[in-house]
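One-letter residues, chain by chain:
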Amino acid sequence: MDPAPGPATLLFTPEVRADPFPFYRRLLTEDPVHDTGFGLWLVSSYDACRSALRDPRFSAEFRTMSDYEQTMEAIGRDTPVQALMERLMLFRDPPDHTRLRSLVQRAFTPRMVEAMRARTVEVCDGLLDAAEERGGELELMADLAWPLPVVVIAELLGVPAMERERFRGWASDLALAFDLGMTPERAARAEVAQEEFIRFFLDLVAQRARDPQGDLVSALAQAEEEGDRLSPDELVSNLILLLIAGHETTMNLIGNGTLALLRHPEQLARLRDEPDLTPSAIEELLRFDSPVQLVVRFAREELELGGRTIPKGARVMLLVGAANHDPARFERPDVLDLGRGDRGHLSFGGGPHFCLGNALARMEGEVVLPALVRRFPDLRILDDAPRHRGTMTLRGLEALRLGI
């Protein structure tokens, strides 16, 4: 592969962040398991990504990378944000991950999620009613994609309605900690947001300890398996994770999915006219422009992946957004086909870290996107160039003005 400019450099450019798919095609064609030469490997093929997500020789823990000490010195070993990240089950390996996930999953059940479907319909209808009353224009992210999943996850958790608006800035700022290329300015914003979240959830957990309710915070505080409970730090850290993950994935699914549908009007018409197509449509929209574009793993030992030798301690960036467009796995992968009926995408990851909130994101997508296109049959894009948020891990729109 042409080393100038190299893929590791291109990955951080505004052009690739705005539209990564030509870059993905280049990687898939020329070097699907690519050594950047900086201790970082870019993996784009479906089979290699899927294999790595399931292989216990790949770790999710930062401490297993070869330059951990140098990296910690560079970013600040004792920063509150780094401490939070290392407590999250997202970045823990078994047995710690198994323990944390088992405790959280006992409270975060598919039955609890499905019980929220009627409420999700109610919230969606209310937001669309408000847009219709205003008339003329809908700013998709601010008017629908942001508020709906926040209301749903906040109600699941048991967050009082009056507190939810405070989450808007905190969640956006702390989500930056999950992205590549953390700048000092972003780190400072993330740290402030983390402090606010911790204070808020400590107070809420204390309230639920005194007066348990039928919500997720109460259930998690009481969750126990073989005498084991979440520690206060673990409880608060993973409540923050559930809140951010519970709205970021759905928000980006709504934004990316709506944009894809409006750019493919024949597929939009299918979703509007064929209600039975909805579950398949959501899977295809998740595949086509995934809310999560990459996952990072670290090699515990020297191993083979996609015909290449990965050294011990190497950072391996699994480009699931590219894997979802691998022609070796998906026929005509750059074509949006709502009838594809293929749930094999990697948008929720895979293996032991498979997204715990996948049922919630799917349910919300199944409610919101069909309702939006049926309520507004003349829906159209008003922005000449819709703006993406400038993040790579979590891919989503900053804003999208729509005519209704």
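Residues numbered from 1 in each chain as written. Predicted model: local features only at pLDDT ≥ 70, side-chain atom pairs only at ≥ 80, totals over all residues. Heavy atoms only, no water.

1. Notes on the overall build of the chain
From N to C terminus, the chain includes 19 helices and 12 strands. C-alpha atoms of the chain, sized along the principal axes, occupy 60 × 55 × 40 Å. Burial analysis of the chain (404 residues in total) assigns 56% to the buried set. Expressed as a percentage of contacts within the chain between residues at least 6 apart in sequence, the contacts between residues at least 24 apart total 73%. Between the averaged position of the 47 positive side-chain charges in the chain and that of its 65 negative side-chain charges there is a distance of 1 Å. (Helix = DSSP H or I, 4+ residues; strand = E, 2+ residues; numbered from the N terminus. Buried < 20%, exposed > 50% of the residue type's maximum accessible area, 1.4 Å probe, protein only. Contact = heavy atoms within 4.5 Å. Lys, Arg positive; Asp, Glu negative; His and termini not counted. Charge placed at Lys NZ, Arg CZ, Asp CG, Glu CD.)

2. With respect to unusual backbone geometry
Here the amide bond leading from Pro 94 into Pro 95 is cis, since omega sits at 5 degrees, within 30 degrees of zero. On the secondary structure map, Pro 95 appears in the loop between helix H6 (80–87) and helix H7 (96–107). Of note in this structure, Arg 332 is not a glycine but carries a positive phi near 45 degrees. By the secondary structure assignment, Arg 332 is in the loop between helix H18 (320–323) and helix H19 (358–375). Arg 332 gets classed as exposed once you look at its relative accessible area, which sits at 55%.

3. Remarks on the pattern of salt bridges
Applying the stated criterion to the full structure yields 32 salt bridges. Taking the shortest distance from any N to any O, the salt bridge between Arg 375 and Asp 129 comes out at 2.9 Å. Here Asp 129 lies in helix H9 (residues 117–134) and Arg 375 lies in helix H19, a separation of 246 residues in the sequence. For Asp 129, a relative accessible area of 33% translates into the label partly exposed. Between Glu 283 and Arg 362 there is a salt bridge; the shortest N-O distance is 2.7 Å. (Salt bridge = Lys/Arg side-chain N within 4 Å of Asp/Glu carboxyl O.)

4. So, the environment of Arg 340
Residue position: Arg 340 is located in the loop between H18 and H19. Separated by 122 residues in the primary sequence, Arg 340 and Ser 218 have C-alpha atoms spaced 40 Å apart. Setting aside anything within four residues of it in sequence, one finds Arg 340 in contact with Ser 280, Glu 284, Arg 287, Phe 330, Glu 331, Arg 332, Pro 333 and Val 335. Of note is the side chain of Arg 340, whose polar atom sits 2.7 Å from the backbone oxygen of Glu 331. From its side chain, Arg 340 meets the backbone oxygen of Val 335 in a polar contact 2.9 Å long. (Polar contact = N/O pair within 3.5 Å; in protein donor to acceptor, adjacent residues only side chain to side chain.)

5. As for the packing of aromatic side chains
If you walk through the whole model with that rule in mind, you get nine aromatic pairs. An angle of 85 degrees between the planes, with centres 5.6 Å apart, marks the rings of Phe 21 and Tyr 24 as edge-to-face. Taken together, the residues span about one helical turn, with Phe 21 and Tyr 24 both in helix H3 (residues 21–30) at a distance of three residues. Assessed through its relative accessible area of 12%, Phe 21 is described here as buried. The interplanar angle of 55 degrees and the centroid separation of 6.1 Å between the aromatic rings of Phe 62 and Phe 298 together place this pair among those described as tilted. One end of the pair, Phe 62, is in the loop between strand E3 (58–59) and helix H5 (68–75); the other, Phe 298, is in strand E5 (residues 295–299), and 236 residues separate them in sequence. The class for Phe 298 is buried, based on a relative accessible area of 3%. Connected via pairs of aromatic rings, a cluster forms that spans Trp 170, Phe 197, Phe 200 and Phe 201. Sitting over the ring of Tyr 46, Arg 329 keeps its end group 5.1 Å from the ring centre. Over the ring of Phe 330 we find Arg 329, and its NZ or CZ is 4.7 Å from the ring centre. (Phe/Tyr/Trp six-rings, centres within 6.5 Å; stacked < 30°, edge-to-face > 60°. Lys NZ or Arg CZ within 6 Å of the ring centre and 35° of its normal.)

6. Details of the environment of Gly 344
Relative to the assigned elements, Gly 344 resides in the loop between H18 and H19. Given the relative accessible area of 16%, Gly 344 is considered buried. Gly 344 sits 57 residues away from Arg 287 along the chain, and the two C-alpha atoms are 8.6 Å apart. Sequence-distant contacts of Gly 344, defined by excluding residues within four places in its chain, comprise Tyr 46, Arg 329 and Phe 330.

7. Side note on the nonpolar core
Taken as a class, soluble globular proteins show a tendency for nonpolar side chains to be buried jointly. Residues Leu 140, Leu 157, Leu 174, Phe 197 and Phe 201 are the most contacted members of the largest nonpolar core, which totals 95 residues. Once you skip the residues sitting within four places of it in the chain, Leu 140 turns out to touch Ala 145, Ile 254, Gly 255, Thr 258, Leu 372, Leu 400 and Leu 402. Counting 21 residues, the second largest nonpolar core, distinct from the first, contains Val 295, Leu 305, Phe 330 and Leu 346. (Core = buried A, V, L, I, M, F, W, Y, C linked by side-chain atoms within 4.5 Å.)

8. Remarks on empty space enclosed by the protein
A complete count under the given rule lists two cavities of 30 Å³ or more for this structure. What the largest cavity holds in volume is close to 40 Å³. Forming the walls of the largest cavity are Ala 245, Gly 246, Thr 249, Thr 250, Cys 355, Gly 357, Leu 360 and Ala 361. Elements supplying a minimum of two residues to the lining of the largest cavity: helix H15 (232–262) and H19. Classifying every residue of the lining of the largest cavity gives four nonpolar, four polar and no charged. Its volume calculated, the second largest cavity comes out at about 40 Å³. (1 Å grid on protein atoms, 1.4 Å probe; cavity = no way out; pocket = protein on both sides within 12 Å on 5 of 7 lines; lining within 4 Å. Points joined across faces, edges and corners; volume = space filled by probe spheres on them. Nonpolar A, V, L, I, M, F, W, Y, C, P; charged D, E, K, R; others polar.)

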